[in-house]
Amino acid sequence: MSDNWIVQNIEKALATWDNALAEIQSILTVSPQGFRGGTIWNAIVSVNGALKAVGYALLVLFFLIGVMKTCGSIAEVKRPEHALKLFLRFILAKGVIDNGLEIMEVLIEVVQGILQTILGSHVISGTTTIAPELVTAIENCDFIHSIPLWIVAILGHLGMVVITIVLILTVYGRFFKIFIYIALAPVPLSTFAGEPTGSVGKNFIRSYAGVCLQGVVIALSCIIFSAISSSPPAVDTSASVVTAVWTYVGELAFNLLVLVGAIKGCDRIVKEIMGL
């Protein structure tokens, strides 16, 4: 490691980014049950169980609404084929509420399997280093000309910290969305009891699957970024040191902002894929 403060600051900024990528990979590969030691999962399962009583009450309500909306008279309800259809819908809706947690666990396990497959063959974290020729140019710079470089190094470091915070919060936000969906699941799932309200339950399942798939989009975005950043920005040795550092840091920042945009827009990409 160089003894130059400017070089050290830039290297610390790059190390911060490498640590962020490693953190993102660890978050993506952990299951909701094991997230933060499972404490959050236990609380969410408890809430889900408590809301089942509300789900059962809404189940009856939505069932009656469905009967009134789809049946023109009592005589139509008494028809065997129609009564059987209503009975099966009620039983299936109750089964969805009873096993809603297990259904949602299966969906997240499928997505986690996809993530394990993708990240098992491609590592998104690595070691990003500053170009040696740029290090030499900075070390050979005198005190007066190094003052602008201090400003560039500080701004670059601060920008890197802000970008990593945004990325980490986005990845964590996906997990909290999953927890909220699981906790509230009995309420929207109860809408399957009525034919007019059944679309609410379908949209809920599709939206939940979309949130789960956001992890796959984030992983793919990081893999693409890692492939791009494997070739560091070129250093223009013919330019002044300040210009070279500005150009180098600017290209790095641009690549990072592209990744931030891709990850922040993962929900929009999933909605387009899922047709939501």
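Residues numbered from 1 in each chain as written. Predicted model: local features only at pLDDT ≥ 70, side-chain atom pairs only at ≥ 80, totals over all residues. Heavy atoms only, no water.

**Here we look at the overall build of the protein**
At step 1: Tallying secondary structure elements over the protein gives 11 helices and 0 strands in all.
At step 2: Per-residue burial for the protein yields a buried fraction of 41% across its 276 residues.
At step 3: The contacts of the protein with a sequence gap of at least 6 include a subset with a gap of at least 24, amounting to 86%.
At step 4: In the form shown here, the protein has an accessible surface area of approximately 14100 Å², with 68% of it arising from carbon and sulfur atoms. (Helix = DSSP H or I, 4+ residues; strand = E, 2+ residues; numbered from the N terminus. Buried < 20%, exposed > 50% of the residue type's maximum accessible area, 1.4 Å probe, protein only. Contact = heavy atoms within 4.5 Å. Areas by Shrake-Rupley, 256 points an atom, 1.4 Å probe, with all protein chains shown as cover.)

**Remarks on the packing of aromatic side chains**
At step 1: Under the counting rule described, the total for this entry stands at 8 aromatic pairs.
At step 2: Look at Y181 and Y208: their rings are 6.0 Å apart centre to centre, the planes differ by 50°, and that puts the pair in the tilted class. Residue Y181 is located in helix α7 (residues 143-184), and its partner Y208 is located in helix α9 (residues 198-229); the two are separated by 27 residues in the primary sequence.
At step 3: Residue Y181 is classed as partly exposed on the basis of its relative accessible area of 21%.
At step 4: A residue is classified by how much of its surface remains accessible, and Y208, at 0% relative accessible area, is buried.
At step 5: The rings of F35, Y172, F175, F176 and F179 are connected pair by pair, giving a single aromatic cluster.
At step 6: The side chain of R174 reaches across the aromatic face of F175, ending 5.8 Å from its centre. (Phe/Tyr/Trp six-rings, centres within 6.5 Å; stacked < 30°, edge-to-face > 60°. Lys NZ or Arg CZ within 6 Å of the ring centre and 35° of its normal.)

**Here we look at the side chain of R174**
At step 1: Along the chain, R174 turns up in helix α7.
At step 2: In contact with R174, not counting residues within four places along its chain, are L28, I108, V111, Q112, L115, V211, C212, Q214 and G215.

**Regarding the layout of surface pockets**
At step 1: Empty space within the second largest pocket amounts to approximately 180 Å³.
At step 2: Every residue lining the second largest pocket is counted, 16 residues in all, and those nearest its centre are G156, H157, M160, V249 and A253.
At step 3: Looking at the lining of the second largest pocket, the elements with two or more residues in it are α1 (5-29), α7 and α10 (241-264).
At step 4: Tallied by class, the residues present in the lining of the second largest pocket amount to 13 nonpolar, 3 polar and no charged. (1 Å grid on protein atoms, 1.4 Å probe; cavity = no way out; pocket = protein on both sides within 12 Å on 5 of 7 lines; lining within 4 Å. Points joined across faces, edges and corners; volume = space filled by probe spheres on them. Nonpolar A, V, L, I, M, F, W, Y, C, P; charged D, E, K, R; others polar.)

**With respect to the environment of D98**
At step 1: One can find D98 in helix α4 (residues 80-98).
At step 2: Remark: the alpha-carbon pair of D98 and K52, spanning 46 residues in sequence, is separated by 7.7 Å.
At step 3: Apart from the residues lying within four places of it in its own chain, the contact partners of D98 are K52 and Y56.

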